[in-house]
Amino acid sequence: MSVRSDVDPGRIALLEALLKEGKTWDVLAPRYGVTNPNPPWKTSLIAMCDCLAVRGALPTLDRRRAEDELAESVYSDVPAPERQLLALVHIMLSRSLVAEDNLASRMRAVRSRLEAV
Amino acid sequence: MSHTHKPGDSGGERHAAPMVEEVTDFEVLEIAVRELAIERGLFTAEDHRRFTEWTESVGPAAGSRLVAKAWTDPAFKARVMEDAVKACKEIGIDWAEPTGFGTPSDYMNLRVLEDTPTLHHVIVCTLCSCYPRPLLGMSPEWYRTTNYRRRLVRWPRQVLAEFGLVVPPEVEVRVEDSNQKCRFMVLPVRPEGTENWTEEQLAEIVTRDCMIGVALPRPGRTADVHPVQKASRPVQGAAHSGEATHEREE
Amino acid sequence: MYVRGVVGTIAACTYQDIIPEDEAFNRDGRLEQYYIVRFGQKDLWPEYPFENDTVQTESPERWLEPAD
């Protein structure tokens with residue numbers, strides 16, 4: 001655990017904006033009376049982590065090292081499933097596996113798609 | 001809610017109708033990053049479908065079944081100790097799933113650690129929180145914290161005491177650090193008061209925490225319950241104060 | 001690594017795996033044996049108060065050298 005990862009620890013505006021909304025599962029679920037302890041996207045997130053490792057894009061150990069560092073710094077106050085999601089995206093942005101502007105525009109597109117149904 | 005596949009819908013919305021009445025940015029973020037990753041070729045939609053199904057299929061019930069069967073069938077137990085991955089197939093768990101060669105975190109090297117009246121095992125992964133997911137499902141959040149991973153090797157009895165487990169000094173506490181490709185599960189000592197129980201009854205008291213080694217199975221205990229973890233330094237022989245709350249199941 | 005320089009005993013041989021230098025090439029890499037090694041807690045932490053407690057970790061052969 002003493003080996004440092006290469007993740008850039010600086011805050012990422014796009015991800016900070018999500019946190020400002022404050023809509024983490026631990027807050028939302030009770031509000032809607034939903035008893036599932038995990039948000040519906042959690043298994044998809046876990047699968048994504050495995051997929052990234054199995055194809056070599058982001059090995060498990062690299063991801064976990066960076067996740068530990070981010071969990072103790074930038075996302076230390078975030079509840080577990082959201083923290084893992086934000087850390088993963090943060091690492092992918094830091095390694096240029098995904099680009100912030102593409103992500104922002106894709107998020108807008110996904111949201112319109114989901115809300116249109 | 002019905003979905004039609006549109007161009008660019010490379011991941012699909014792979015979940016049931018939302019359980020909360022709003023679409024959160026987190027939900028949107030997960031879908032967006034997944035679609036971009038697939039489009040970039042980091043993995044395929046088929047990879048993701050297969051791993052999502054696998055993630056949803058695993059849970060601690062399999063481990064409980066293995067322990068209950070080992071307790072009641074000495075020949076099965078011997079097979080478990082000889083080749084645990086092979087023995088898992090007898091209870092319907094295939095460590096080669098979902099790729100044919102396992103996952104990039106679980107691999108195919110399970111070892112079962114048998115407790116005795118003078119030996120108590122407890123498992124950690126100091127490097128990153130590796131865990132025998134095919135048998136136990138997803139790891140609990142406390143297992144993934146640096147708090148647990150840093151302290152268990154150095155202060156195992158204090159950490160166990162925080163879980164409510166006090167091990168007598170003459171019993172050896174053996175910490176197993178799964179820092180390479182082996183994955184471990186504890187086979188606890190079968191508790192007294194369970195004579196003539198069926199395998200189903202036995203499996204009910206073998207909770208996830210018993211198979212990690214932070215709890216002991218006992219009649220009447222069918223769920224893992226923890227106090228809220230606050231300790232950031234070793235606590236000497238702590239009795240718990242405050243209320244126990246059900247830990248969020250992972 | 002907390003066990004560096006400490007004498008332990010081999011508890012088990014586990015599997016053979018491709019050495020890291022050859023891993024990128026994915027085929028016909030040189031193999032090395034992995035072991036589970038057991039250490040006394042008192043050997044790791046001098047003030048550890050319980051005589052019998054142990055730690056086991058898994059190591060590739062290249063991390064090990066014979067004790068005297």
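Worth saying up front: this structure is predicted, and the values here are computed from it rather than measured.

J.: So what about the overall build of chain A? Which residues, and what values?
T.: In terms of regular secondary structure, chain A is built from six helices and zero strands. The N-to-C order of helical and strand elements in chain A reads α-α-α-α-α-α. Against the compact-globule benchmark of 13 Å for 117 residues, chain A has a radius of gyration of 15 Å, which places it among compact chains. Taking the principal axes of the C-alpha coordinates as reference, chain A spans close to 40 × 30 × 30 Å. Within chain A, buried positions represent 43% of all 117 residues. In chain A, the share of contacts with a sequence separation of at least 24, taken over all contacts with a separation of at least 6, comes to 72%.

J.: A description of the overall build of chain B should follow, citing residues and the corresponding values.
T.: If you tally the helices and strands in chain B, you get 11 helices and six strands. Among the 250 residues that make up chain B, the fraction classed as buried is 44%. At a minimum sequence separation of 6, the contacts of chain B that also span at least 24 residues come to 67%.

J.: Explain the interface of chain A and chain B to me, using residue names and the numbers behind them.
T.: Contact with chain A, which involves 47 residues of that partner, is made by 44 residues of chain B. Among the secondary structure elements, those contributing two or more residues to the side of chain A that touches chain B are helix H1 (13-21), helix H2 (25-32), helix H3 (42-54), helix H4 (60-72), helix H5 (80-94) and helix H6 (100-116) of chain A. Looking at the side of chain A that touches chain B element by element, the count peaks at 11 residues for H3(A). Looking at the side of chain A that touches chain B, its residues break down into 31 nonpolar, five polar and 11 charged.

J.: With reference to specific residues and values, describe the interface of chain C and chain B.
T.: With 14 residues of chain C at the contact, the number on the chain B side is 16 residues. Of all the secondary-structure elements, those providing two or more residues to the side of chain C that touches chain B are strand E1 (9-18) and strand E3 (54-60) of chain C. A total of five residues in the side of chain C that touches chain B trace back to one element, the largest contributor, which is E3(C). Of the residues in the side of chain C that touches chain B, the class split is six nonpolar, five polar and three charged. Across four bridges, the pairing between strand E3 (residues 172-177) of chain B and E3(C) is parallel. Across the sheet, residue Asp177(B) finds its bridge partner in E3(C), namely Thr57(C).

J.: Hey, could you go over the packing of H4(A) against H5(A) for me, with residue numbers and the actual values?
T.: Residues and elements named next belong to chain A. Axis separation between H4 and H5 bottoms out at 9 Å; the angle between their running directions is 115°. Judged by the sense of rotation from one axis to the other, the crossing of H4 with H5 is right-handed. Note on element contacts: H5 touches H4 through Arg-83, Gln-84, Ala-87, Leu-88, His-90 and Ile-91, opposite Arg-63, Ala-66, Glu-67, Leu-70 and Ala-71. The residue inventory of the contact of H4 with H5, partitioned by class, reads six nonpolar, two polar and three charged.

J.: Explain the nonpolar core residue by residue, including any values.
T.: Counting 55 residues, the largest nonpolar core has Val67(B), Cys88(B), Val122(B), Met185(B), Val186(B), Val206(B) and Met211(B) as the members making the most contacts within it. The biggest single contributor to this core is helix H3 (residues 61-72) of chain B, with six residues. Sequence-distant contacts of Val186(B), defined by excluding residues within four places in its chain, comprise Leu113(B), Asp115(B), His121(B), Ile123(B), Cys210(B), Met211(B), Ile212(B) and Gly213(B). Among the nonpolar cores identified, the runner-up in size contains 42 residues, and Leu15(A), Met48(A), Cys51(A) and Val54(A) belong to it.

J.: Give a detailed account of the domain arrangement of chain B, specifying residues and quantitative values.
T.: By domain assignment, chain B separates into domain 1 (25-56) and domain 2 (59-240). Computed over C-alpha atoms only, the centres of domain 1 of chain B and domain 2 of chain B are separated by 30 Å.

J.: So what's going on with H3(A)? Residues and values would help.
T.: Every α-helical turn comprises 3.6 residues, leaving residues that sit three or four positions apart pointing alike. With 13 residues, H3(A) extends 19 Å from end C-alpha to end C-alpha; this agrees with the ideal 18 Å at 1.5 Å per step. Immediately downstream of H3(A), the backbone of Gly56(A) shows phi near 85°, a positive value.

J.: Give me the lowdown on the environment of Glu72(A), citing residues and values where you can.
T.: In this structure, Glu72(A) sits in helix H4. Once the C-alpha coordinates of Glu72(A) and Ser5(A) are considered, the two residues, 67 residues apart in sequence, prove to be 13 Å apart.

J.: Any chance you could break down the pairing of strand E1 (residues 110-114) of chain B for me, citing the residues and the numbers?
T.: Strand residues, when the strand is regular, have side chains that alternate between the two faces of the sheet. All names here are of chain B. Of all five residues in E1, four are buried, a share of seventy percent or more. Pairing of E1 with strand E4 (residues 183-187) involves five bridges; the strand directions are parallel. The residue of E4 that forms the bridge with Glu-114 is Leu-187.

Analysis parameters
- Residues numbered from 1 in each chain as written.
- Chains lettered and ligands numbered in written order.
- Predicted model: local features only at pLDDT ≥ 70, side-chain atom pairs only at ≥ 80, totals over all residues.
- Helix = DSSP H or I, 4+ residues; strand = E, 2+ residues; numbered from the N terminus.
- Rg over C-alpha atoms; globule rule 2.2 N^0.38 Å.
- Buried ≥ 20, exposed ≤ 12 C-beta atoms within 10 Å, placed from the backbone.
- Contact = placed C-beta atoms within 7 Å.
- Nonpolar A, V, L, I, M, F, W, Y, C, P; charged D, E, K, R; others polar.
- Pairing = 2+ DSSP bridges.
- Axes fitted to C-alpha atoms, helices over the stretch in contact; angles between N-to-C directions.
- Left-handed = near helix turned anticlockwise from the far one by under 90°.
- Core = buried A, V, L, I, M, F, W, Y, C linked by C-beta atoms within 7 Å.
- Domains from an automatic or database assignment.
- Expected span 1.5 Å × (residues − 1).

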